[in-house]
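Overview (structure and organization)
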Amino acid sequence: MGSLDDGGIKFMAFPQDHEPCHVHGFVGGIGGPEVIVELKADGVVDLADRVDAVQGANRSEVRKVLAAAARRFADLVLLWDAMHVD
């Protein structure tokens, strides 16, 4: 698995994880509240469209994860790509 840290958020991409392109953002590191962020082709980040997209995070933490993902969009796409090499 690959990871990237940004301002108290640990983003992770898992090898050969399912589409669409997404990362898991953990507030305060692994084991903290989790927010799953979709990385869209048009450069937009969004909360993943799935039931478990937010696990234990409050609205403020969700906003913090999405803001960090937007700042690091290009790096997170590279992280995803590195975990999905054939």
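Structure first, text after, so check above.
Residues numbered from 1 in each chain as written. Predicted model: local features only at pLDDT ≥ 70, side-chain atom pairs only at ≥ 80, totals over all residues. Heavy atoms only, no water.

**Details of the overall build of the protein chain**
- For the protein chain, the count of helices and strands is two helices and six strands.
- From first element to last, N terminus to C terminus, the protein chain shows the α and β order β-β-β-β-β-β-α-α.
- The C-alpha atoms of the protein chain give 11 Å as radius of gyration, which agrees with the globular expectation for 86 residues (12 Å, within 12%).
- Projected onto the principal axes, the alpha-carbon positions of the protein chain cover approximately 35 × 25 × 25 Å.
- Counting the 86 residues in the protein chain, one finds 42% classified as buried.
- Considering only residue pairs separated by 6 or more positions, the protein chain has 40% of its internal contacts joining residues 24 or more positions apart.
- Of the roughly 4,700 Å² that the protein chain leaves accessible, carbon and sulfur atoms contribute 54%. (Helix = DSSP H or I, 4+ residues; strand = E, 2+ residues; numbered from the N terminus. Rg over C-alpha atoms; globule rule 2.2 N^0.38 Å. Buried < 20%, exposed > 50% of the residue type's maximum accessible area, 1.4 Å probe, protein only. Contact = heavy atoms within 4.5 Å. Areas by Shrake-Rupley, 256 points an atom, 1.4 Å probe, with all protein chains shown as cover.)

**What about the pattern of salt bridges?**
- Counted under the stated rule, the structure contains six salt bridges.
- Two residues, aspartate 52 and arginine 50, come together in a salt bridge whose shortest N-O distance is 2.6 Å.
- Given a relative accessible area of 29%, arginine 50 falls into the partly exposed group.
- A salt bridge links aspartate 75 to arginine 72, with the nearest nitrogen and oxygen atoms 2.8 Å apart. (Salt bridge = Lys/Arg side-chain N within 4 Å of Asp/Glu carboxyl O.)

**Details of the environment of alanine 57**
- Checked against the element boundaries, alanine 57 lands in the loop between strand S6 (54-55) and helix H1 (59-71).
- Given the relative accessible area of 15%, alanine 57 is considered buried.
- The spacing of alanine 57 and glycine 31 is 26 residues in sequence and 11 Å in space, taken between C-alpha atoms.
- The residues contacting alanine 57, other than those within four sequence positions of it, are Pro33, Glu34, Val35 and Val62.

**Things to note about the side chain of glutamate 38**
- By the secondary structure assignment, glutamate 38 is in strand S4 (residues 34-39).
- Look at glutamate 38: it is buried, it has no salt bridge, and the nearest opposite charge is lysine 40 at 4.9 Å. (Lys, Arg positive; Asp, Glu negative; His and termini not counted.)

Don't take any of this as a statement about function, it's just geometry.
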